[in-house]
Amino acid sequence: DHDRPLTKRGQDDAHALGRWLAEQLGRVDRVVTSSAVRAVQTWEAAAEALAHDPPVDVLLELYQSDPGTVLRAIRRVDDDTRRLVVVGHEPTQSALVLALAGDDSDPDAVQELEEGYRTSAVALLEVEGPWSALRPQEARLVAFGVPRG
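These numbers come from a predicted model, not from an experiment.

Some remarks on the pairing of strand β2 (residues 56–59)
Here's step 1: Note that strand β1 (residues 30–34) and β2 share four bridges and pair parallel. Bridge assignment links S34 to a residue of β2, and that residue is L59.

Overview of helix α4 (residues 92–100)
Here's step 1: Within α4 the residues assigned to the buried category are T92, Q93, S94, L96, V97 and L100.
Here's step 2: Here the buried face of α4 lies against α3 (67–75), β3 (84–87), α5 (107–114), β4 (122–127) and β5 (139–145).

Observations regarding the nonpolar core
Here's step 1: One finds W20, L21, V28, V31, W43, V85 and V87 to be the most contacted residues of the largest nonpolar core, which totals 18 residues.
Here's step 2: Broken down by secondary-structure element, the contributors of at least two residues to this core are α1 (8–25), α2 (37–47), β3 and β4.
Here's step 3: Look past the residues within four positions of W43 in its chain and what remains in contact with it is L21, V28, V31, L50, P54, V56, V85 and V87.
Here's step 4: With 14 residues, the next largest nonpolar core counts V70, L84, W131 and L134 among its residues.

Some points on the pattern of salt bridges
Here's step 1: The full count for this structure, using the stated rule, is nine salt bridges.
Here's step 2: Across the pair D13 and R148 runs a salt bridge, and its minimum N-O distance is 2.9 Å. With D13 in helix α1 and R148 in the segment after β5, this residue pair connects regions lying 135 residues apart in the sequence.
Here's step 3: Judged by relative accessible area, D13 falls into the buried class, the value being 4%.

Here's the deal with the packing of α1 against α2
Helix-helix packing is characterised by the crossing angle of the two axes and by the distance between the axes.
Here's step 1: Their axes nearest at 7 Å, the elements α1 and α2 cross at an angle of 55°. On the basis of their axis angle, the class for α1 and α2 is oblique. The element α1 and its partner α2 pack so that their crossing is right-handed. Of the residues in α2, those touching α1 at Q11, A14, H15, L17, G18 and L21 are T42, W43, A45 and A46.
Here's step 2: Across the contact of α1 with α2, the residue classes tally to six nonpolar, four polar and no charged.

Some remarks on a negative patch on the surface
Here's step 1: Judged by side-chain charge, D108, E112, E114 and E115 come together as a negatively charged surface patch.
Here's step 2: Tracing the sequence through the fold places E115 in the loop between α5 and β4.
Here's step 3: When its relative accessible area of 56% is taken as the criterion, E115 is described as exposed.

Remarks on unusual backbone geometry
Here's step 1: The omega torsion across E90 and P91 is 5°, close enough to zero to call that bond cis.
Here's step 2: Looking at the element boundaries, P91 is found in the loop between β3 and α4.
Here's step 3: Positive phi values are uncommon outside glycine, yet S120 reaches one of about 70°.
Here's step 4: Positionally, S120 belongs in the loop between α5 and β4.
Here's step 5: Backbone geometry places Q137, a non-glycine residue, at a positive phi of 70°.

Considering α3
Here's step 1: Three or more residues of α3 are buried, namely T69, V70, L71, A73 and I74.
Here's step 2: On the buried face of α3, the contacting elements are β2, β3 and α4.
Here's step 3: Between the side-chain oxygen at the start of α3 and the backbone nitrogen of G68 there is a gap of 3.0 Å, and the oxygen is on D66.

Conventions and cut-offs
Residues numbered from 1 in each chain as written. Predicted model: local features only at pLDDT ≥ 70, side-chain atom pairs only at ≥ 80, totals over all residues. Heavy atoms only, no water. Pairing = 2+ DSSP bridges. Helix = DSSP H or I, 4+ residues; strand = E, 2+ residues; numbered from the N terminus. Buried < 20%, exposed > 50% of the residue type's maximum accessible area, 1.4 Å probe, protein only. Contact = heavy atoms within 4.5 Å. Core = buried A, V, L, I, M, F, W, Y, C linked by side-chain atoms within 4.5 Å. Salt bridge = Lys/Arg side-chain N within 4 Å of Asp/Glu carboxyl O. Axes fitted to C-alpha atoms, helices over the stretch in contact; angles between N-to-C directions. Parallel < 35°, antiparallel > 145°, perpendicular 65-115°, else oblique. Left-handed = near helix turned anticlockwise from the far one by under 90°. Nonpolar A, V, L, I, M, F, W, Y, C, P; charged D, E, K, R; others polar. Patch = residues over 30% accessible without salt bridge, like charges linked within 9 Å, V, L, I, M, F, W, Y side chains within 5 Å. Areas by Shrake-Rupley, 256 points an atom, 1.4 Å probe, with all protein chains shown as cover. Lys, Arg positive; Asp, Glu negative; His and termini not counted. Charge placed at Lys NZ, Arg CZ, Asp CG, Glu CD. Polar contact = N/O pair within 3.5 Å; in protein donor to acceptor, adjacent residues only side chain to side chain.

So this is what it looks like as structure tokens:
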């Protein structure tokens, strides 16, 4: 499964994801992605919608991982990084987002997330403080979407 490529639909959705990220963030400073072929291809297609190419860390440890592993990878990100994209897999992504989302999160975004983190879904979290200090319930979920191409 690690070497499975994106389908045509997946490529179209990844392009839509890139447009969503460009609209929501404008700029991405760094990307941390699973080493799975489809995860890397998702980012490559999404990045086409951005004005610049941020550094990308491809991590084997994010494939078939758990939320704690992903959180540890996030904590290693340089604190100069303001806008981080994490490309991963279910059910890890939704579990991590729900663990990080604090009480001041957007209730509509939380409800949409709880209804299902479908393929190509994206959660936008705001974090105050350094990545190295990120703990559960210390982020704010501000948007959730499922961009489709």
